[in-house]
Amino acid sequence: MSVAKYIPDDLDRRIIGHLRADGRASLSKLSDVLGVARGTVQNRLDRLIETGTLMGFTVRVREDYDEQTVHAVMMIEVVGKSTTQVIRKLRGLPEIYSLHTTNGNWDLVANIRAISLSDFDRVLREVRMIDGVANSETSLLLSSL
């Protein structure tokens, strides 16, 4: 039996929007800004986390914070119907900054951020060892314009 996917309503989207801007916002601050009770915000956050709509909270860092960070884009080809399993494994790698489905020759595009070239090399090996990954192509991002 499959469970229906939770579809966030307007209040949920507003909560998510405020958390994108300030992931450390308190329940009190969110309730004030949104004009709803603190308990409502808590219940909505609990539901967003429970349904997997919110997968966690993270830190956003200025692009120039660590100029030694290795940035890359990896295009990934997936075998057969293993996309869901591959995505699950890729999401488990902290160096995968973002992950996208795409059209064309590649099935997925991963934005990778690693702390060094040796760490980047390890990430490439780990991705290529995932069952269901048939092929990949990676390009280092050299400078932002």
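Everything below is about the structure printed above this text.
In this report, we go over the structure that sits alongside the text. No experiment lies behind these values; they were computed from the predicted model shown.

Another point: the overall build of the protein. What the protein contains, in helices and strands, is five helices and four strands. The order of helices and strands in the protein, counted from the N terminus, is α-α-α-β-α-β-β-α-β. What you see for the protein is a C-alpha radius of gyration of 18 Å, clearly larger than the 15 Å of a compact globule of 145 residues, by over 25%. Overall, the C-alpha framework of the protein stretches about 50 × 45 × 25 Å when taken along its three principal axes. Burial status across the protein gives 32% buried among its 145 residues. Taking contacts inside the protein between residues at least 6 apart in sequence as the whole, the part at least 24 apart equals 62%. Split by element, the accessible area of the protein, about 10,300 Å² in all, is 51% carbon and sulfur. Within the protein, the 19 negative side-chain charges are centred at a point lying 5 Å from the centre of the 19 positive side-chain charges.

Our next topic: the environment of Arg113. As for its position among the elements, Arg113 is in strand E3 (residues 108–114). With relative accessibility at 22%, the residue Arg113 sits in the partly exposed group. Residues Arg113 and Thr102, spaced 11 residues apart in sequence, show a C-alpha to C-alpha distance of 20 Å. Looking at Arg113, its side chain comes within polar contact range of the side chain of His71, at 3.4 Å.

All right, on to the pattern of salt bridges then. Evaluated as defined, the whole model comprises eight salt bridges. For Asp22, the salt bridge goes to Lys29, with nearest N and O atoms at 3.2 Å. Overall, Lys29 belongs to the partly exposed group, its relative accessible area being 44%. Here Arg122 and Glu126 are joined by a salt bridge, their closest N and O atoms 2.6 Å apart. Here the residue Arg122 and the residue Glu126 both occupy positions in helix H5 (residues 117–128), the gap between them amounting to four residues, near one helical turn. Three or more residues are tied together by salt bridges with common partners; here these are Glu95, Asp119, Arg122 and Glu126.

Calculation rules
- As a convention, each chain's residues are numbered from 1 in the sequence order in which they are written.
- With pLDDT at 70 or above as the cut-off, local features in this predicted model cover only qualifying residues; side-chain atom pairs require 80 or more to be listed or tallied, and sums for whole chains, interfaces and linings still use all residues.
- Processing note: side-chain calculations cover all non-hydrogen atoms of the structure and skip hydrogens and water entirely.
- Secondary structure elements are taken from DSSP: a helix is a run of H or I of four residues or more, a strand is a run of E of two residues or more, and numbering for both begins at the N terminus.
- It is over C-alpha atoms that the radius of gyration is taken, and the globule rule equals 2.2 Å times the number of residues to the power 0.38.
- Relative accessibility decides the category of a residue: with a 1.4 Å probe and only protein chains considered, values under 20% of the type maximum give buried, values over 50% give exposed, and everything between is partly exposed.
- The contact rule is simple, with two residues in contact once any of their heavy atoms fall within 4.5 Å.
- Areas reported as accessible are Shrake-Rupley estimates using a 1.4 Å probe. Residue values count occlusion only from the protein chains shown.
- His residues and chain termini do not enter the charge count, which takes Lys and Arg as positive and Asp and Glu as negative.
- Throughout, a charge is located at the NZ atom of Lys, the CZ atom of Arg, the CG atom of Asp or the CD atom of Glu.
- Nitrogen and oxygen atoms within 3.5 Å of one another constitute a polar contact, given that in protein one can donate a hydrogen and the other can accept it, and given that sequence-neighbouring residues count only through two side-chain atoms.
- For this analysis, a salt bridge means a side-chain nitrogen from Lys or Arg found within 4 Å of a carboxyl oxygen belonging to Asp or Glu.

The values reported here are purely geometric and, on their own, carry no functional implication.
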